[in-house]
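Notes for the structure review
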Amino acid sequence: MHKPPVRSAGKSASLAKIIMVSSAGSAIEWFDFFIYGTAAALVFNKLFFPASDPMVGTLLAFMTFAIGFVARPLGGIVFGHFGDRVGRKPALVTALFLMGGSTTVIGLLPTYDVIGAAAPVLLVVLRLLQGIAVGGQWGGAVLIATENAPRGRRGLYGSFAQLGVPAGLMLSSLVFLVITTTLDEQQFAAWGWRVPFLCSIALVLVALFAQFKLEEASDSQVARQDREEAGASRSPIVEVLRKHPRNVLLAAGAVVIIGAGFYLFVTYMLAYGTTVLGMQKSTLLNAVLVGAALQVPALMAFGALSDRVGRRKVYLAGAAGMGLWAYPAFLLMNTEQWPLVTLALVVGQLLFATMYGPQAAFFSELFSARVRYSGASLGYQLGVMLGGAFTPIIATWLEAKYDSFVPVAGFLVAAAVVSCACVLVLSETYKQEEESALVAVADEADDEPSLTAS
């Protein structure tokens, strides 16, 4: 029977390193992912697709943005295999290097005027690498955090890896806000847009720190030894689809409302407010920034709450709340009053945090240690692609077709119903922590070798 590894005297220092890497790494990685979307909206249509008319150029720029979402499940599969076979740390470090490197290269990329059609082709390739990297990073960050968390605090420690979304959103918005206000349009188009991308070299430094200072997750060590002794040769992704297809699909369904809710309140509402209501973009951006700032403590609070009352209860509250908030949010938006608009967007983002806070621990506990990276990553990335990649497009089409926000709100309600149903079917997991998920590994193995991780 497996014995859980004994914690060393330096565990507190190790946990501090884990928190720093999972939080800082995910924040910079999401910063990289978000700055691409901002640049695609502002300059990429002119710099990389100038042979097209402005509208077509904008659509092509946003298509390259969408490629990042399509690539995320691929990243979850590739890095899930690597993370389950080799270890969480090398997979996470590789994903961080890939994201930092590809984003920095975008900042150095010659434009269409310099190298012609090769410019948009290279841009697409680099965006594809960004998507693969962010698809692989999430699993590594949350498992490094949850598998090394103190007993009874997986929800809280898992939320540290989730802080990257609001932190990255705030950083990307602030950087572009500073650059666009300090440079004129010509300077911004000539070189200013490159600055945020070149700042991504910081992610390489985080990766180097993780490589030399971070310890491998204890569950990962035991699971790898278990796989070796059991002679398991099947690919982790094949194994997880063979033994846990239900949990993968249910996890993906549970994430649909996270993707739909986040990109509706952070992306589509900006377009709705400016194009339909005629509001100032700065007014809406400020409201989004307020919500992002409040998400940081909210994520930790809801992650910690899930350690006390359970993952499903907290997650369900957020999913149901998101559906119930859909119609009131639009009614508040339609007032065009900044306090009420801010309330609409802030509550939406806090409901997102209600689910996203406990999600890391919830999903990691759905799978045994030796296929956990693959299972959690694939479920999450499939769900966020289905729920997030197409939400702004669907919402824009619904509002244009029916000239009303009601179908858009109905779309969010439908996403909430799907996710609530999936969460209700999933098992509660937080009380299983006392067995540290190693029992699940032993149950899956053909035999039960006696191991003690050092």
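Residues numbered from 1 in each chain as written. Predicted model: local features only at pLDDT ≥ 70, side-chain atom pairs only at ≥ 80, totals over all residues. Heavy atoms only, no water.

1. Remarks on the nonpolar core
The cut-off we apply is this: Definition used in this section: a nonpolar core is a set of buried Ala, Val, Leu, Ile, Met, Phe, Trp, Tyr and Cys residues joined via side-chain atoms within 4.5 Å. Relative accessibility thresholds used throughout: buried, under 20% of the residue-type maximum; exposed, over 50%; partly exposed, between the two (1.4 Å probe, protein chains only). Only heavy atoms enter the contact rule, under which two residues are in contact if any of them lie within 4.5 Å.
Judged by nonpolar contacts, the single largest core of 130 residues is most densely connected at Phe44 and Phe363. Sequence-distant contacts of phenylalanine 363, defined by excluding residues within four places in its chain, comprise Trp138, Ala251, Ala254, Val255, Tyr315, Ala376 and Tyr380.

2. Description of the packing of helix H7 (residues 164–182) against helix H14 (residues 281–309)
What counts is decided by this rule: Note on method: axes are straight lines fitted to C-alpha atoms, helices fitted across the in-contact stretch only, with angles between N-to-C directions ranging 0 to 180 degrees. Here a helix means four or more residues in a row that DSSP labels H or I, a strand means two or more in a row labelled E, and each is numbered from the N terminus. Angle categories are assigned with fixed cut-offs, so that under 35 degrees is roughly parallel, over 145 is roughly antiparallel, 65 to 115 is roughly perpendicular, and the rest are oblique. For any pair of crossing helices, the crossing counts as left-handed if the nearer helix is rotated counterclockwise from the farther one by less than a right angle, and right-handed if it is rotated clockwise. Only Asp, Glu, Lys and Arg are considered charged in this grouping, and only Ala, Val, Leu, Ile, Met, Phe, Trp, Tyr, Cys and Pro are considered nonpolar; every other residue, Gly among them, is considered polar.
Taken N-terminus to C-terminus, the directions of H7 and H14 make an angle of 150°; their axes are 8 Å apart at the nearest point. Considered as vectors, H7 and H14 are oriented roughly antiparallel to each other. In the packing of H7 onto H14, the handedness of the crossing is left-handed. Of the residues in H14, those in contact with Pro166, Leu169, Met170, Ser173 and Leu174 of H7 are Val288, Leu289, Ala292, Ala293, Gln295, Val296 and Leu299. Grouping the constituent residues of the contact of H7 with H14 by class yields 10 nonpolar, two polar and no charged.

3. Observations regarding helix H19 (residues 406–425)
Operational definition: By this rule the span expected of a helix is its residue count minus one, scaled by 1.5 Å. Directions are taken from the helix axis to each C-beta atom, and the arc is the one they span.
Counted at 1.5 Å a residue, the expected span for H19 with its 20 residues is 28 Å, and the 29 Å between its end C-alpha atoms agrees. Considered for burial, the residues of H19 that qualify are Val408, Ala409, Leu412, Ala415, Ala416, Ser419, Cys420, Cys422 and Val423. The buried residues of H19 occupy an angular sector of 165° when the element is viewed end-on, so they sit on one face. Facing away from the buried side of H19, by more than 90 degrees, are the exposed residues Val417 and Leu424. Check the buried side of H19 and you find it contacts helix H13 (245–276), helix H15 (311–333), helix H16 (338–364) and helix H18 (391–402).

4. A closer look at the side chain of serine 172
Stated formally: Identification of polar contacts relies on pairs of N or O atoms within 3.5 Å, with a donor-acceptor requirement for protein atoms, meaning one able to donate a hydrogen and the other able to accept it, and with residues adjacent in sequence counted only if both atoms are side-chain atoms.
Tracing the sequence through the fold places serine 172 in helix H7. By relative accessible area, serine 172 is classed as buried at 1%. Only 3.0 Å separates the side chain of serine 172 from the backbone oxygen of leucine 169, close enough to count as a polar contact. Each residue touching serine 172, except ones within four places of it in the same chain, is listed here: Phe31, Phe34 and Ile35.

5. So, the pattern of salt bridges
As a reminder of what qualifies: Each reported salt bridge corresponds to a side-chain nitrogen of Lys or Arg within 4 Å of a carboxyl oxygen of Asp or Glu.
Throughout the structure, instances matching the rule amount to six salt bridges. Across the salt bridge formed by glutamate 239 and lysine 243, the nearest N and O atoms sit 3.9 Å from each other. Taken together, the residues glutamate 239 and lysine 243, both in helix H12 (residues 236–243) and four residues apart, mark about one turn of the helix. In this structure, arginine 370 and glutamate 239 form a salt bridge, with 2.9 Å as the shortest nitrogen-oxygen distance. Of this pair, arginine 370 sits in the loop between H16 and helix H17 (372–388) while glutamate 239 sits in helix H12; the two residues are 131 residues apart in sequence, bridging distant segments of the chain. According to the relative accessible area criterion, arginine 370 is buried, its value standing at 5%. Residue glutamate 239 is classed as buried on the basis of its relative accessible area, which comes to 1%. Connected via shared salt-bridge partners are Arg154, Asp307, Arg311 and Glu365.

6. Here's the deal with H18
If you check H18, its first and last C-alpha atoms are 16 Å apart, about what 12 residues at 1.5 Å a residue would give, namely 16 Å. Along H18, the residues classified as buried are Thr391, Pro392, Ala395, Leu398 and Glu399. Each buried residue of H18 sits inside an arc of 135° when the element is viewed along its axis, so together they form one side. Exposed side chains of H18 directed beyond 90 degrees from the buried face belong to Ile393, Ala400 and Lys401. Against H13, H17 and H19 lie the buried residues of H18. The first or second residue beyond H18 is aspartate 403, which carries a positive phi of 50°.

7. Examining the environment of tyrosine 327
Structurally, the position occupied by tyrosine 327 is in helix H15. By relative accessible area, tyrosine 327 is classed as partly exposed at 33%. Not counting chain neighbours up to four residues away, the residues in contact with tyrosine 327 comprise Phe405, Val406, Ala409, Gly410 and Val413.

8. Overview of the confidence of the model for the chain
The line we're drawing: As a per-residue measure, pLDDT reflects the predictor's confidence and takes values from 0 up to 100.
With 83% of its residues at a pLDDT of 70 or more, the chain has an overall mean of 81. Note that pLDDT drops below 50 for residues 1–10; the model gives that stretch 21 contacts with residues more than four away or on any other chain. Ignoring residues within four places in sequence, the model shows residues 434–454, a span with pLDDT below 50, making 47 contacts including any to other chains.

9. With respect to the environment of arginine 370
Along the primary structure arginine 370 and glutamate 239 are separated by 131 residues, whereas in three dimensions their C-alpha atoms are 9.6 Å apart. Polar contacts involving the side chain of arginine 370 include one to the side chain of glutamate 239, which spans 2.9 Å.

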